[in-house]
Amino acid sequence: MDSDLRKLLAKSGTGRGLPDYDFYKDVLPYLGDADCLINVPAWTEKNPVALSIIAQTAGRVWYVTPSLSLYRIFLLKSALPDADISFMSAYEREKPDRRVLITSPDILRDHLADIAEMPKPDLIIFDDIECLAYPEIGTATEQCLLCLPHGLPLIFLSATANPDETSECLTALRGRGCRVIEFPFPALPDVPIFISSQWEVLPLTDRKRLNSKVRRILKEEPPFQNIRSAGFIRQLLFFLRKEELTPALIILPWEKDCDMSAGFCIQETKNAGDALTHPQIAAFLNRYPFLKDHPMLSDAVSKRTASFHRNLHPLWCELVEHLLSFRAVDAVFTTAESVREMVNNVQIAVLCISCRKEEKPREMTQQQTDDIRKRVGLRESEYAGCLALIHSSDADAVHIKDRLLQTRGQSSSAFECNCQTVLGLSAGRDDPEKLLSRTVIALKYPRFGAFCMEEFQEILRDELPEACCSRHIQSVTSLKNIRLKLTLRLNKQSHLLDDAACRGIRDRLADEQLETEYLLSQLPCEDCTHSGQCHKRGTRKFRRLIECYDEIEKTLKTNITGLELDFRYYLECLREFGWTEPQQGLTESGKIAIRTGLKFPQPLTECIREGILPADDPAKSFALTGGFAEMDVESYGVRNKESLEYKILNSEFSKGHYSEMMPLYQKAEPVLSQTQERMLRFGILMPEYMLSQAAILLAWKKGAKADTLARQTGIPAGVIMKLIRKAVYLQERILQVKSFCQKFS
């Protein structure tokens, strides 16, 4: 290693791991009358703390962790070989009747309506409680903390710079004291470095600023011309291995970049087969023999590099983790979004990414930055872990610097109100509106007093006496925005259709245009006598009302007043469907809705209530259910839902499966349309049903393999496996309430 680099990365201590310590001994005296927050050094792996406590607890324990990938499940089973464990995760779900239950916040949230029927735990451990600040998983975690029964002792694991502030937030959420227990282990920060196009290594930051030499290089020296080229990738690997900076994560902008880069690498070892004879890897390949013929396996062991991202089969990703743990590979190509699924630590993470929002659609978030930092640093290494920014043409060094200097654990909340949130808070015995007063937002942000929704509503009812919508200010403003967006989309599609030269493109654009026209026709505004007033200039009084609400809406979104208004708005919507009752919480239909885990469970729940699901044919019932699975359409490699439907339903692959599904879909279609109309009355535009997903799932149910489906449809195998997992989960949840469905049938 270069002497300057050696000095830069020099460290003391033993790395990111924690020394052996009896955590349970220090925690036990406090658990009777308060919860405990165990705070460890920044970026330290906290699993050993949880495992130590679980091993010493005699009673029943729930361990809730945000990350439950296949490889982490394998490690947890290996670490607790004699424990009586059940898992509830996206990959496997067992009855929660064993001594140790390991689950994730989102799965636990879906079971809030069933908590009373589950065996009561003696202790609950929440890992990585900093996730409260992250979208989606933070909302799920906050819901669980608000709704878990009072009196249950909880242990929170964190690695924050301000544990007292975090403890204050947890005390508010639980309505119970939370003691901070800090351990005097030295923090081992990672070192941010900059790699210039001349392969010069410099510190990225100088205290709170960008290093002056780095600033000069960014202004005066040319960057690497193409970070996706074979030449750059080979040079980078040569540099990392020469400077002893392996194992390494190389983070690229897109999944396809990772696969191409892994293919660019050159052979490193002649005895590639030796890696596959390791007992643990050989046992894994024998358990999943199809991986022996995986097209990437031979290159991975001979080049000692592999691709790891969400578009790949999850079992391949688990195999990469095994190979990395035994150093059979020393460089992994991945994306910022996929790092959270990784478990192994590395010596360096190299950021070959774009961060300028105006130039690329992906911008690295604070959550992704934190995930990457957790994976950097090896206990056995004599050098500190480091994050390296490559001098590329579109890398925003200032943005990366700001992300890396962000103090981890600044207590904030990503809590948001939607149908799923309101269902979760209504599942417990407490008044859900009172639970809102215990949220982190209520603690940290003052109430906005200069606003009275009742006055707005009274004026609105006078102005729109015969409105077809719910006559709520949020419904009206939302419908105005939806109609404007759909109108602009329709105009754009018309122009593209006029310019289209290829017949296939014209057909697809015509389908998309029809879909947009259909959505516009579904808006309640189309048949409303007040349509002109809402969507044109209207009266002066009405315009002033909307303008006034628009001015204060942003302020409302950042404090408890806005959260309460959103909650009442969605609660009114749920009562429209008969899912909640005043003073009584969830109805039976509401319990079905929360069990689905969907953000918009209305269409599926209404199909269950009408007796359409579960259907007599198990395969078709499963496929129809999977059409409700909420998937990110962009992960399919298309721009929108209409493009996906056109791509799949017009292919030779799906024609037979499509025709088989049509009778059952036609039975469900009136229920879906009616549900959409009811939601649009509240200004809520739900994701549409995905018949293409149903066709893929029917093929899988009839024996088609995920890899085969990937080749036939052009959809990545990892995305198909995720769709299958979600469909299986939905089917399980439906079958658990089958007796209720039969009553409605």
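Bear in mind the structure is a predicted one, so any value in this text is a computation, not a measurement. (Residues numbered from 1 in each chain as written. Predicted model: local features only at pLDDT ≥ 70, side-chain atom pairs only at ≥ 80, totals over all residues. Heavy atoms only, no water.)

When helices and strands are counted, the protein chain shows 34 helices and 18 strands. Taking 27 Å as the expected radius of gyration for a compact globule of 745 residues, we find that the protein chain reaches 27 Å, a close match to that expectation. Counting only C-alpha atoms, the protein chain reaches 80 × 70 × 55 Å along its principal axes. Just so you have it, the protein chain exposes about 32,100 Å², and 49% of that area is on carbon and sulfur atoms. For the protein chain, the separation between the mean place of its 96 positive charges and that of its 101 negative charges on side chains is 1 Å. (Helix = DSSP H or I, 4+ residues; strand = E, 2+ residues; numbered from the N terminus. Rg over C-alpha atoms; globule rule 2.2 N^0.38 Å. Areas by Shrake-Rupley, 256 points an atom, 1.4 Å probe, with all protein chains shown as cover. Lys, Arg positive; Asp, Glu negative; His and termini not counted. Charge placed at Lys NZ, Arg CZ, Asp CG, Glu CD.)

Of note, Asn211 is situated in the loop between strand S11 (209–210) and helix H8 (212–220). Overall, the relative accessible area of 12% leaves Asn211 in the buried class. (Buried < 20%, exposed > 50% of the residue type's maximum accessible area, 1.4 Å probe, protein only.)

On to the sheet that holds strand S3 (residues 85–88), then. Across the sheet, which stays open at both edges, the seven strands sit in the order S3-S4-S2-S5-S6-S1-S7 with parallel pairing between neighbours. Strands with a single pairing partner mark the edges of an open sheet, and in this sheet they are S3 and strand S7 (178–182). The average angle at which neighbouring strand axes cross in this sheet is 20 degrees, direction not considered. Relative to strand S6 (residues 154–158), strand S1 (residues 35–39) runs parallel, the two sharing four bridges. By the bridge assignment, Asn39 is partnered in S6 with Ser158. (Pairing = 2+ DSSP bridges. Axes fitted to C-alpha atoms, helices over the stretch in contact; angles between N-to-C directions.)

Tallied over the full model, the rule gives 13 aromatic pairs. Here the aromatic cluster, defined as three or more aromatic residues joined through ring pairs, consists of Trp199, Phe224, Phe232 and Phe239. (Phe/Tyr/Trp six-rings, centres within 6.5 Å; stacked < 30°, edge-to-face > 60°.)

Read from one edge of the open sheet, seven strands run S9-S8-S16-S15-S12-S14-S13, paired in mixed fashion. Both outer strands of the open sheet, strand S9 (201–203) and strand S13 (305–307), are each paired with one neighbouring strand and no more. For this sheet, the mean inter-axis angle between neighbouring strands, taken without regard to orientation, is 25 degrees. Most of the contacts of helix H9 (residues 230–242) go to strand S12 (residues 248–251), to which it runs at about 155 degrees, and overall it touches strand S8 (191–195), S9, S12, S13, strand S14 (331–334), strand S15 (348–351) and strand S16 (386–390). Each of S13 and S14 touches helix H10 (residues 255–264); the most contacted strand, S13, lies at about 160 degrees to it. (Contact = heavy atoms within 4.5 Å.)

What follows deals with unusual backbone geometry. Following Thr246, the chain continues to Pro247 via a peptide bond in cis, the omega torsion being 0 degrees. Summarising the element assignment, Pro247 is placed in the loop between H9 and S12. Leu613 connects to Pro614 through a cis peptide bond whose omega is -5 degrees. If you check the backbone angles, Arg304 has positive phi at about 60 degrees while not being a glycine. Its location among the elements puts Arg304 in the loop between helix H13 (297–303) and S13. Of note, the phi angle at Arg327 is positive, near 60 degrees, even though the residue is not glycine. With respect to the secondary-structure elements, Arg327 resides in the loop between helix H14 (314–325) and S14.

So, about a negative patch on the surface. Together, Glu454, Glu455, Glu458 and Asp462 make up a negatively charged patch on the protein surface. Positionally, Glu454 belongs in helix H20 (residues 453–463). (Patch = residues over 30% accessible without salt bridge, like charges linked within 9 Å, V, L, I, M, F, W, Y side chains within 5 Å. Salt bridge = Lys/Arg side-chain N within 4 Å of Asp/Glu carboxyl O.)

The next point concerns the nonpolar core. One finds Phe126, Leu145, Phe156 and Leu170 to be the most contacted residues of the largest nonpolar core, which totals 55 residues. When residues of this core are assigned to their parent elements, the largest contribution, eight residues, is made by helix H25 (residues 560–576). Residues within four places of Leu145 in sequence aside, it is in contact with Phe126, Ile129, Leu132, Leu154, Phe156, Leu170, Leu173, Arg174 and Arg438. (Core = buried A, V, L, I, M, F, W, Y, C linked by side-chain atoms within 4.5 Å.)

Inspection of the secondary structure assignment puts Leu173 in helix H7 (residues 163–174). The spacing of Leu173 and Ser437 is 264 residues in sequence and 8.8 Å in space, taken between C-alpha atoms. Setting aside chain neighbours within four positions, we find Leu173 in contact with Leu132, Glu142, Leu145, Leu146, Arg438, Thr439 and Val440.

The subject of this paragraph is the confidence of the model for the protein chain. Confidence along the protein chain averages 87 in pLDDT terms, with 93% of residues attaining 70 or more. Confidence scores differ between elements of the protein chain, with helix H34 (residues 738–744) showing the lowest mean pLDDT of 48 and S14 the highest of 98. (pLDDT = per-residue confidence, 0-100.)

At a closest axis distance of 9 Å, the pairing of helix H6 (residues 137–147) and helix H17 (residues 419–426) adopts a crossing angle of 15 degrees. Comparing their axes, H17 and H6 come out roughly parallel. In this structure, H6 meets H17 at a crossing whose hand is right-handed. Facing Thr139, Gln143, Leu146 and Cys147 of H6, the residues of H17 in contact are Gln420, Thr421, Gly424 and Leu425. Across the contact of H6 with H17, the residue classes break down as three nonpolar, five polar and no charged. (Parallel < 35°, antiparallel > 145°, perpendicular 65-115°, else oblique. Left-handed = near helix turned anticlockwise from the far one by under 90°. Nonpolar A, V, L, I, M, F, W, Y, C, P; charged D, E, K, R; others polar.)

Moving on to the pattern of salt bridges. Counted under the stated rule, the structure contains 32 salt bridges. The salt bridge involving Glu660 is made with Lys702; its shortest N-O contact spans 2.5 Å. Of this pair, Glu660 sits in helix H30 (residues 655–680) while Lys702 sits in the loop between helix H31 (691–701) and helix H32 (706–713), and the two are 42 residues apart along the sequence. Of the residues examined, Glu660 reaches a relative accessible area of 27% and is grouped as partly exposed. Under the relative-accessibility criterion, Lys702 is labelled partly exposed at 48%. Here the salt bridges share partners, and the residues they tie into one network are Lys46, Asp128, Arg340, Asp371 and Lys374.

Our focus in this paragraph is the packing of H20 against helix H21 (residues 473–499). Interaxial distance between H20 and H21 falls to 9 Å at its minimum, and their mutual angle equals 65 degrees. Looking at the two axes, H20 sits roughly perpendicular to H21. In this structure, H20 uses Met453, Phe456, Gln457 and Leu460 to contact H21, whose residues at the interface are Ile473, Gln474 and Val476. Within the contact of H20 with H21, the residues separate by chemical class into five nonpolar, two polar and no charged.

Attention shifts here to helix H24 (residues 540–556). Spanning 17 residues, H24 covers 24 Å between terminal C-alpha atoms, matching the ideal 24 Å at 1.5 Å per step. At Asp550, H24 shows its largest kink, close to 25 degrees. Every buried residue of H24 is listed here: Phe542, Leu545, Ile546, Tyr549, Ile552 and Leu556. Buried residues in H24 make contact with H20, H21, helix H23 (531–535) and H25. (Expected span 1.5 Å × (residues − 1). Bend = angle between axes of the 7 residues up to and from the residue.)

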